[in-house]
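Residue-level structure breakdown
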Amino acid sequence: MADNGNLLIGFGTETGNSELLAMDAHEKASSMGIESKCACLDEIESSDLMEAGYLIIVCSTWGDGEQPDNAQDLYDAVEELGDDDLSGVEFAVLALGDTAFDLFCEAGIQWDEVLESKGGKRFYDRIDCDTDYEDEAEEWIDAVLEQISS
Ligand SMILES: Cc1cc2nc3c(=O)[nH]c(=O)nc-3n(C[C@H](O)[C@H](O)[C@H](O)COP(=O)(O)O)c2cc1C
């Protein structure tokens, strides 16, 4: 990452799993010398996303394939952006879900798609995590941060 001072980590959550992972990514980034900001998606404006060099979204799925309550407004706002508005943003999505549901990790899939459709560049492939997510989520976070710092 040429300028690693602009990593935004946003989480959408109902019961805190995504928040814990996002906080962990934030702390790991700090220990690697990558400056980052970590916030709930309901504290982030679409204009904040447009200014992010790197963006990591950590988001669970609720209801019947729906966004968590605290992710819905920003998701709706991003859908309204122009096709190139996120052209300066490199993003990666960590989706949490449960394979017991038909629409497994649907909210994370939606984020992955909408960020790309608004011009964002996927710098690391999305991971869709089942309920036993800890190890693979941590490995994914490590690999993503390595990519940012390289
Ligand atoms: C009522 C309820 C509805 C859920 N709906 C889905 C769903 O549609 N698709 C899915 O993949 N996971 C679904 N999940 C699983 C959650 O996404 C999963 O437990 C996740 O780890 C929660 O993360 P969070 O604490 O960050 O919200 C649901 C869980 C509950 C309790």
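See the structure shown above.
Turning to the overall build of the protein, a few remarks are in order. Scanning the protein for helices and strands turns up five helices and six strands. In sequence order, the secondary structure elements of the protein are arranged as β-α-β-α-β-α-β-α-β-β-α. Taken over the C-alpha trace, the protein has a radius of gyration of 14 Å; the compact-globule value for 150 residues is 15 Å, and the two agree within 12%. Along the longest, intermediate and shortest principal axes, the C-alpha atoms of the protein span 40 × 35 × 25 Å. The 150 residues of the protein split such that 41% are buried. For the protein, long-range pairs separated by at least 24 residues make up 80% of all intrachain contacts whose partners lie at least 6 apart in sequence.

A separate point is the site of the ligand. Neighbouring the ligand are 22 residues; Thr13, Asn17, Ser18, Ser60 and Gly97 lie closest to it. Residue classes in the shell around the ligand are distributed as seven nonpolar, eleven polar and four charged.

Attention now moves to helix α4 (residues 106-117). Counted at 1.5 Å a residue, the expected span for α4 with its twelve residues is 16 Å, and the 16 Å between its end C-alpha atoms agrees. Those residues of α4 that fall on the buried side of the exposure criterion are Glu106, Ala107, Gly108, Gln110, Trp111, Asp112 and Leu115. Along its buried surface, α4 packs onto β1 (7-12), β3 (54-60), α3 (69-79), β4 (90-96) and β6 (127-129). Gly119 sits one or two positions beyond α4 and adopts a positive phi of about 100 degrees.

Here the focus is the pairing of β3. Within β3, seven of the seven residues are buried, which leaves the element mostly enclosed by the surrounding structure. Every second residue of β3 is oriented toward a common face, with Tyr54, Ile56, Val58 and Ser60 on one face and Leu55, Ile57 and Cys59 on the other, all of them buried. Here β1 runs beside β3; their pairing, made up of six bridges, is parallel. The partner of Leu7 across the bridge, within β3, is Tyr54.

With that settled, the discussion passes to the nonpolar core. If you look at soluble globular proteins, the nonpolar side chains tend to sit buried side by side. Within the largest apolar cluster, 43 residues are counted, with the highest numbers of intra-cluster contacts made by Leu55, Ile56, Val58, Leu94 and Ala95. Every element with two or more residues in this core is listed here: β1, α1 (17-31), β3, α3, β4, α4, β6 and α5 (134-149). Every residue in contact with Val58, bar those within four places of it in the chain, is listed here: Ile9, Phe11, Ser18, Leu21, Ala22 and Leu94.

Two elements in contact, α1 and α5, have axes separated by 10 Å at closest approach and are oriented at 40 degrees. Both α1 and α5 take part in a crossing whose hand is right-handed. Here Leu21, Asp24, Ala25, Lys28 and Ala29 of α1 come into contact with α5, specifically with Ala137, Ile141 and Leu145. Residues belonging to the contact of α1 with α5 are distributed by class as follows: six nonpolar, no polar and two charged.

Glancing now at the pairing of strand β2 (residues 36-40). A regular strand places its side chains on the two faces of the sheet in alternate fashion. Sheet topology note: the β1/β2 ladder contains five bridges and is parallel. Residue pairing in the sheet places Phe11 in a bridge with Cys40 of β2.

What follows deals with α1. For the α-helix, the turn length of 3.6 residues means that residues three or four positions removed from each other point alike. For α1, spanning 15 residues, the distance from its first C-alpha to its last is 21 Å, which sits close to the expected 21 Å at 1.5 Å a residue. Within α1 the residues assigned to the buried category are Ser18, Leu21, Ala22, Ala25 and Ala29. The arc that holds every buried residue of α1, seen down its axis, measures 100 degrees, which confines them to one face. What points out from α1, more than 90 degrees from its buried face, is the exposed set Glu27, Ser30 and Ser31.

Cut-offs used in this document
All residue numbers here refer to positions counted from 1 along the written sequence of the relevant chain. Given that the model is predicted, a residue must reach a pLDDT of at least 70 before its local features are reported, and side-chain atom pairs must reach 80 or more before they are shown or counted; all residues, however, enter totals for whole chains, interfaces and linings. Only DSSP runs of H or I with at least four residues qualify as helices, and only runs of E with at least two residues qualify as strands; both kinds are numbered from the N terminus onward. For the radius of gyration, the atoms used are the C-alpha atoms, and the globule rule reads 2.2 Å times the number of residues raised to 0.38. Any residue with 12 or fewer other C-beta atoms within 10 Å of its own C-beta is exposed, any with 20 or more is buried, and the rest are partly exposed; the C-beta atoms used are placed from the backbone. We call two residues in contact when their backbone-placed C-beta atoms lie within 7 Å. Each residue gets a C-beta atom placed from its backbone. If that atom is within 6 Å of a molecule or strand, the residue is near it. For this classification, the nonpolar set comprises Ala, Val, Leu, Ile, Met, Phe, Trp, Tyr, Cys and Pro, the charged set comprises Asp, Glu, Lys and Arg, and every other residue, Gly included, is treated as polar. By definition here, a helix of n residues has an expected span of 1.5 Å times n minus one. Two strands are said to pair when DSSP picks up at least two bridges between them. Think of a nonpolar core as buried Ala, Val, Leu, Ile, Met, Phe, Trp, Tyr and Cys residues chained together by C-beta atoms that fall within 7 Å. Inter-axis angles, ranging from 0 to 180 degrees, are taken between N-to-C directions of lines fitted to C-alpha atoms, where helices are fitted over the stretch in contact. Two helices cross in a left-handed way if the nearer one is turned anticlockwise from the farther one by less than a right angle. They cross in a right-handed way if the turn is clockwise. In this context, the arc is that of the directions from the helix axis out to the C-beta atoms.

The values reported here are purely geometric and, on their own, carry no functional implication.
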